[in-house]
Amino acid sequence: MSRFSSTIFHALIVCLIREIRILIDLYTHTVDILVIYEMLTSYRRMTAGAAATPAVIHHIPRRLSVILQMDRPRLQFRGGVGVGEQGVLQSRNWVIEAAVGSTRVRGLRSTGEEEVKRKVQPPNCCAYDHEHQEAVAVEKSKDGDRRVEVVVAAATTVVLGVGNRVLYKLALVPLKQYSFFLAQLATFGYIVVYFSILYLRYQAGKVTDEMLSLPKFPLVAVGLLEALAAASGMAAGAILSGAAIPILSQSFLVWQLILSYIFLGRRYSFNQLFGCFLVAVGVIITVASGSGADSLMGAGIFWSLLMIISFLLQAADTILKEIIFLDAAQRLKGGSVDLFVINSFGSAYQAIFICLLIPFLSNLWGIPFSQLPNYFKDGSACFLNIGTMSKSCDGAPLLPLLFIIVNMCFNISLLHLLKISSAVVSCLASTFTVPITVYLFTLPLPYTGVASSLPPGFVAGAIVLLVGLLFYTWRPSENSKHESSLVS
């Protein structure tokens, strides 16, 4: 009896100890649940008043952090609630994790994201200023890149333009009797070269079908203007002296300003107009050292006017090309037409009109139309430096080929400068080559014989020209107006 009583007593003690442990566990988890509830309540109050009060950083108790990490490998999340494989809660620890799992992760993640956004993003009151500063910085960067591109293109055009003028003079040394042949060789040779480059760029994908499908009538007008300008220039150049042509060529800049004002709606500031005026005056002073004015008056007013008309046609040609680029940008929805599309088709139509004008042009050069076949035959022999022409055509074919190559590169560079800037800027770059060429001809160049002397007004004319270029490029009023428009 005593053994049975002791066994029952021992069983009661074991049950009592177990119930005490259960009560202790229940009390512990009850405290943890109250802590979690307090944290969730604080989090809701914090998010509800986030606009008015700063965020509060809560410290997670050590006991809670231990509980939140218990049994995690065995827990699966379905719909934001921790459940077992059978869809029921498996442990008291899982109950706590299921209650706070998704909310805690979502709450802490939201708090962290809001803290990052609050540190990175400016306040609403400063958002406009921040966007404005970024817009100004981007605009200045683009404007700076564009200016650098224009300066590099202009410098390249000046170098090639000087080489074009010098090599033309050198090419006429072996072909002094066949200058008309050289002009036609360059005109028709460009067609072959330009269309070959155009085909290669089309195969490479740089020239698209949309570019080739642009309207061709403006390019026909380009070819006609270039042919008429060449015809009138040849006619007047045969009569006028060499010193008079650079003086009259300054009308080209005047025509550029007038035509761009009429057809492109451009408005020029006083700095630009005065700068262009000084550039023209500088060139005139450079080349008209005494004899230029006398030769200009002695040639007659008709031939001078014809030369001015020739430069009018050239100015209209460049303005039309600029209009073609602007129209192509609209048709291609912001894209730009390839340069060789303009060069190829423009040269092709120019050659067609030159063929129609050959009888007139040959008479201007003193070559009867009936003698043209023999003239081109002798010109080809002199160009290749073969046969009986080898003694009188020293320097061919090297010098004529160099002129054709440099002239082609100069035309491409001039058209590229026209595309990224304007017709007036391309004209200024071409005009700047005149005094440099005058100076180079004072040096002992090969095949030129005795070098010419430097004109007395060369230094003064060059200074005036440079001052004019500085006046044209210095436009503080436009810069301040541009920045004020961004601010507004």
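Data block above holds the structure.
A short tour of the structure in this document, coming up. (Residues numbered from 1 in each chain as written. Predicted model: local features only at pLDDT ≥ 70, side-chain atom pairs only at ≥ 80, totals over all residues. Heavy atoms only, no water.)

## A closer look at the overall build of the protein chain
Link 1 in the chain: Check the secondary structure of the protein chain and you find 19 helices and two strands.
Link 2 in the chain: Taking all 488 residues of the protein chain together, the buried fraction comes to 37%.
Link 3 in the chain: Long-range contacts, defined as pairs at least 24 residues apart, comprise 80% of the intrachain contacts of the protein chain with a sequence gap of at least 6.
Link 4 in the chain: In the structure as shown, the protein chain presents an accessible area of about 28300 Å², 66% of it carried by carbon and sulfur atoms. (Helix = DSSP H or I, 4+ residues; strand = E, 2+ residues; numbered from the N terminus. Buried < 20%, exposed > 50% of the residue type's maximum accessible area, 1.4 Å probe, protein only. Contact = heavy atoms within 4.5 Å. Areas by Shrake-Rupley, 256 points an atom, 1.4 Å probe, with all protein chains shown as cover.)

## Focus: the packing of aromatic side chains
Two measures describe an aromatic ring pair: the distance that separates the ring centres and the angle between the ring planes.
Link 1 in the chain: Overall, the coordinates contain 16 aromatic pairs when judged by the stated rule.
Link 2 in the chain: Seen from their ring centres, F180 and Y375 are 6.3 Å apart, and the 45° between their planes marks the pair as tilted. Of this pair, F180 sits in helix α5 (residues 179–203) while Y375 sits in helix α14 (residues 372–384), and the two are 195 residues apart along the sequence. Considered together, F180 and Y375 belong to a single accessibility category, that of buried residues.
Link 3 in the chain: The interplanar angle of 75° and the centroid separation of 5.5 Å between the aromatic rings of F195 and F345 together place this pair among those described as edge-to-face. Here F195 is found in helix α5, whereas its partner F345 is found in helix α13 (residues 339–364), with 150 residues between them in sequence.
Link 4 in the chain: Residue F195 is classed as partly exposed on the basis of its relative accessible area, which comes to 30%.
Link 5 in the chain: On the basis of relative accessibility, which here comes to 17%, the residue F345 falls in the buried class.
Link 6 in the chain: By way of ring pairs, the aromatic residues Y178, F180, F181, W365, Y375, F376 and F383 are connected into one cluster. (Phe/Tyr/Trp six-rings, centres within 6.5 Å; stacked < 30°, edge-to-face > 60°.)

## A look at helix α9 (residues 251–263)
Link 1 in the chain: The first and last C-alpha atoms of α9 sit 18 Å apart over 13 residues, in line with the 18 Å expected at 1.5 Å per residue.
Link 2 in the chain: Every buried residue of α9 is listed here: S251, F252, L253, Q256, L257, L259 and S260.
Link 3 in the chain: Looking at the packing, one finds that the buried side of α9 touches α8 (244–248), α10 (270–287), α12 (301–331) and α16 (423–431).
Link 4 in the chain: Looking one or two residues beyond α9, the residue adopting positive phi is G265, at roughly 70°. (Expected span 1.5 Å × (residues − 1).)

## Here we look at a nonpolar patch on the surface
Link 1 in the chain: A contiguous nonpolar surface patch, about 570 Å² in accessible area, is contributed by V254, I258, Y261, I262, F263 and I323.
Link 2 in the chain: No other element matches α9, which puts five residues into the nonpolar patch.
Link 3 in the chain: Positionally, Y261 belongs in helix α9.
Link 4 in the chain: By relative accessible area, Y261 is classed as partly exposed at 45%. (Patch = residues over 30% accessible without salt bridge, like charges linked within 9 Å, V, L, I, M, F, W, Y side chains within 5 Å. Salt bridge = Lys/Arg side-chain N within 4 Å of Asp/Glu carboxyl O.)

## Examining the packing of helix α15 (residues 398–420) against α16
Link 1 in the chain: Running from N to C, α15 and α16 point in directions that differ by 140°, and their axes come no closer than 8 Å. Looking at the two axes, α15 sits oblique to α16. In this structure, α15 uses F410, L414, L417 and L418 to contact α16, whose residues at the interface are A423, V425, S426, A429 and S430. (Axes fitted to C-alpha atoms, helices over the stretch in contact; angles between N-to-C directions. Parallel < 35°, antiparallel > 145°, perpendicular 65-115°, else oblique.)

## Focus on the state of the cysteines
Link 1 in the chain: A complete count under the given rule lists one disulfide for this structure.
Link 2 in the chain: Across the disulfide from C382 sits C393; the S-S distance is 1.9 Å. The S-S bond linking C382 to C393 shows a torsion near -115°; that makes this disulfide left-handed. In this pair, C382 sits in helix α14 while C393 sits in the loop between α14 and α15, placing the two residues eleven residues apart along the sequence. Comparing C382 with C393 shows no difference in burial state: the two are buried.
Link 3 in the chain: The thiol of C427 is unpaired, and the distance to the nearest cysteine sulfur, on C276, comes to 7.7 Å.
Link 4 in the chain: Classification of C427 by relative accessible area gives buried; the value is 2%. (Disulfide = S-S within 2.5 Å.)

## Observations regarding the environment of L418
Link 1 in the chain: Structurally, L418 is set in helix α15.
Link 2 in the chain: Separated by 97 residues in the primary sequence, L418 and K321 place their C-alpha atoms 8.2 Å from one another.
Link 3 in the chain: Residue contacts for L418: discarding those within four places in its chain leaves T318, K321, E322, A423 and S426.

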